[in-house]
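# Topology and contacts: notes
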Amino acid sequence: MKKIKIVLSICMLYSALQSHSQKDIVDSNFHVYLLIGQSNMAGRGLLDADSKSLNPQILMLDSLGQWVAAADPVHFDKPASAGVGPAISFTKEILGNNKNIKIGLIPCALGGSPIKVWEPDAVYLKVFHPYNDAILRAKLAMQKGVLKGILWHQGESDNDSLPSAVYMRKLKILISRLRTDLRNPNLPFVAGEIGYFNKMDYINPVINQLPQQVPYTAVVSAKGLADKGDHLHFDTPSARELGKRYADAMKKLQTVGNEAKPMTRLFAKIKNVPAKDPIVILGFDDAEISHYTIVAPLLKKYGFDATFFVCEMPWKSPADSVYYMKWPQIAELYQMGFEIGNHTGHHKNMTKLDREGMQKEIGYIEARCKEYGIPKPISFAYPGNRADSLSQVVLNEMGYRYGRQGGSKYYDPKQDGHLVIPSYTMGSAEKLHERTWNALKNLQPRQILAFTIHGVPDIAHPDYTTSVEIFTKFLQYMKEHHFKVIAMRDLGKHLTSD
Ligand SMILES: [Zn+2]
C-alpha cells in the first residue's frame, strides 16, 4: 500500500512539474531547501565540467518561480559572477542512494548582503527584498514540496567589531521569523563559518555559539577550505566540500526530531469554496472596442457581471485606434456596473520587468482610472498570462486582491494563490473552443471557472476572436444552468467557509 502511494505521488509530481497547468499537489517525497545568505551561499567558484552534469532528482526554483533541472550556477543574484556554491554537493550528499525522493533548491542568497537586510521589508541594492523574497519563494516551493531545512551562509559583510557584536541577536530574530513565517517551529537551520582566509575573524566565534542559543540549529566548519585567490570566496572544490558539511549537519538535525508541520501555501488566503452553484468569472482583456459595442449590452441582457481588464494596447499604426476603447467608453462600462481591472498600462510582460517597471505599469492604469472617476482596480490580469513571484509581491504590495493568469484549469481557492488564479482562454481555434466549452459543461457545483476572453469579435487579433454566436451560446448555457456569473472583485462574496 505504502509503495503504491509513493509511486502514485511520484507520478503526480512528475506531471505537476512538467506542466504547471495541472493541479498543484504537495508531494511528501519532494524535499525543498531554502538557501540564503551572501555570495558564498550563492556560489562564486569557477564553473567546470562537473557543473554541467544534471541529476533528474535535483531541481531548482529559477528566477521565474519555475522548477528546472539544477546545475551551477544555482543562484542568479549576480549573473556575471555566479558560479559554483555548496548547493549541488549538499543535495547529492542528502540524496545519497535514495531513489524515492527528489530535492528542490530555493536559491535566495544575495552577494554582499549584510544581516541587517535580512529583515521583513528591508531593501538591498534598491531592487532586492532579501527576506520578503525568500519567504515568497519558499512558499511558492511549498506548493509542491515539503520544506526540510534552511542553509545560511553569511557573515563576511558583518565581520567587524561592531556588526559582530549585534550579530547573534539579529540571527536569533531571523531564525525565529523564518520559522514563524514558514510555519515550522523546528525547521532545521544550518549556518556555516566564513572562510579562514578572510582578513579578520570577528564573526566565526559568534556564529559558532548558535547551536547553544537556538534549538535545531547547527554550524559547519570552514576549516581547511581554500579561497579562489581573492581572500573572500571559496574555490570550487572548497565550495563543494562545504556543501557536504552542510548535508552532514542537516541530516543530523533532521534525525533529532524535526517534524514537518502542515504547510500553508503562498497567498492561498481564501480558504473558502463556492456555496452552491458553480461560479464563472468572466474577464475581458485588452480593452477591445467590441467589449463596449457588443459584450456589455449582451451581458446586461443576461444579467451577468464581468471584469474588463484594460490596458492601452500599443498600436502598430494610428489606424489601429479603431480596435480599442477610449477611456470615456471604459468609464461608461464602469458606470454600467462592471468592474474595471488592471492589465498594465501598455500590455507589458510582467516577468520581464523589474520592481520599478511593474509599479509604473500598474500605476499607469490606476492614474487613468482616477482621471475618469473609476475606483482603483483590485483585480489584475497578467498580459500574456505570464506571472512570476516578484509580480505577485508587487501586486500584493499595491493592494491587489486578485490576479489572473492562464493554465486551463479550474480555480481551486484551497490550492491556487489568489494572485495567480488560473483561467481558460477563448480563441478561434477549434481546439480552444472545444477546451473552453468542455470546461463550462463539466463545471460542477462548488467549482470555479475563470474565462479569459478577448474581442467578441476580435478584429485586431483574429486568433483570439470569439464570435457573437459562440459567445451567446456560452451565455445561454450559463443562464440555463443557473451558474453564478461574476466579476472577479466579487469572488469573496460567493465563497463560504466549510
Ligand atoms: Zn492581454
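The rules we used
- Residues numbered from 1 in each chain as written.
- Predicted model: local features only at pLDDT ≥ 70, side-chain atom pairs only at ≥ 80, totals over all residues.
- Helix = DSSP H or I, 4+ residues; strand = E, 2+ residues; numbered from the N terminus.
- Core = buried A, V, L, I, M, F, W, Y, C linked by C-beta atoms within 7 Å.
- Buried ≥ 20, exposed ≤ 12 C-beta atoms within 10 Å, placed from the backbone.
- Domains from an automatic or database assignment.
- Contact = placed C-beta atoms within 7 Å.
- Pairing = 2+ DSSP bridges.
- Axes fitted to C-alpha atoms, helices over the stretch in contact; angles between N-to-C directions.
- Right-handed = clockwise from strand over helix to strand, strands pointing away.
- pLDDT = per-residue confidence, 0-100.

Leaving glycine out, the prevailing phi sign among residues is negative, and the prevailing peptide bond configuration is trans. In this model, aspartate 72 is joined to proline 73 through a cis peptide bond whose omega is -5°. In this fold, proline 73 is placed in the loop between strand 3 (67-69) and helix 3 (87-95). In this structure, the amide linkage connecting valine 456 to the following residue, proline 457, adopts the cis form with an omega of -5°. Topologically, proline 457 is positioned in the loop between strand 15 (448-453) and helix 14 (468-480). Positive phi is not limited to glycine here, since alanine 287 has a value of about 55°. Note that alanine 287 resides in the loop between strand 9 (279-285) and helix 9 (289-302).

On to the nonpolar core. Residues Leu34, Leu35, Leu105, Ile106 and Val190 are the most contacted members of the largest nonpolar core, which totals 130 residues. The residues that make up this core include at least three from each of domain 1 (2-257) and domain 2 (273-496). Excluding residues within four positions of it along the chain, leucine 105 makes contact with Tyr33, Leu35, Met60, Leu61, Ala70, Val74, Ala87 and Thr91.

Moving on to the sheet that holds strand 7 (residues 217-220). Strand order in the open sheet formed by seven strands is 3-2-4-1-5-6-7, and the pairing between neighbours is mixed. Every other strand in the sheet has two partners, leaving strand 3 and strand 7 as the edge strands with one partner each. Here the average twist between neighbouring strands, direction ignored, is 25°. As paired strands, strand 6 (residues 189-192) and strand 7 are joined by four bridges and run parallel to one another. The residue bridging phenylalanine 189 from the neighbouring strand is threonine 217, located in strand 7. In the packing of helix 3 onto the sheet, contacts are made with strand 1 (30-37), strand 2 (58-61), strand 4 (102-107) and strand 5 (146-153), and the angle to strand 4 comes to roughly 155°.

Here we come to the environment of leucine 390. For leucine 390, the position within the fold is in helix 12 (residues 389-397). A residue is classified by how many C-beta atoms lie within 10 Å of it, and leucine 390, with 23 of them, is buried. As a C-alpha pair, leucine 390 and isoleucine 453 span 63 residues in sequence and 25 Å in three-dimensional space.

Let us look at the pairing of strand 10 (residues 307-310). Burial along strand 10 is two-sided: the residues Thr307 and Phe309 and Phe308 and Val310 are all buried. Bridging between strand 9 and strand 10 involves three bridges; their strand directions are parallel. Across the sheet, aspartate 285 pairs through a bridge with phenylalanine 309, a residue of strand 10. The handedness of the strand 9 to strand 10 crossover, carried by helix 9, is right-handed. Pairing analysis gives four bridges linking strand 10 to strand 11 (residues 339-342), with the strands arranged parallel. Counterpart to threonine 307 in the pairing with strand 11 is glutamate 339.

A few words now on the domain arrangement of the chain. Taken domain by domain, the chain consists of domain 1 (2-257) and domain 2 (273-496). The C-alpha centroid of domain 2 is placed 38 Å from the C-alpha centroid of domain 1.

Mean pLDDT over the chain stands at 89; residues scoring 70 or higher make up 90%. This stretch, residues 1-22, has a pLDDT under 50; its non-local contacts, to residues over four places away or in other chains, come to 24 contacts.

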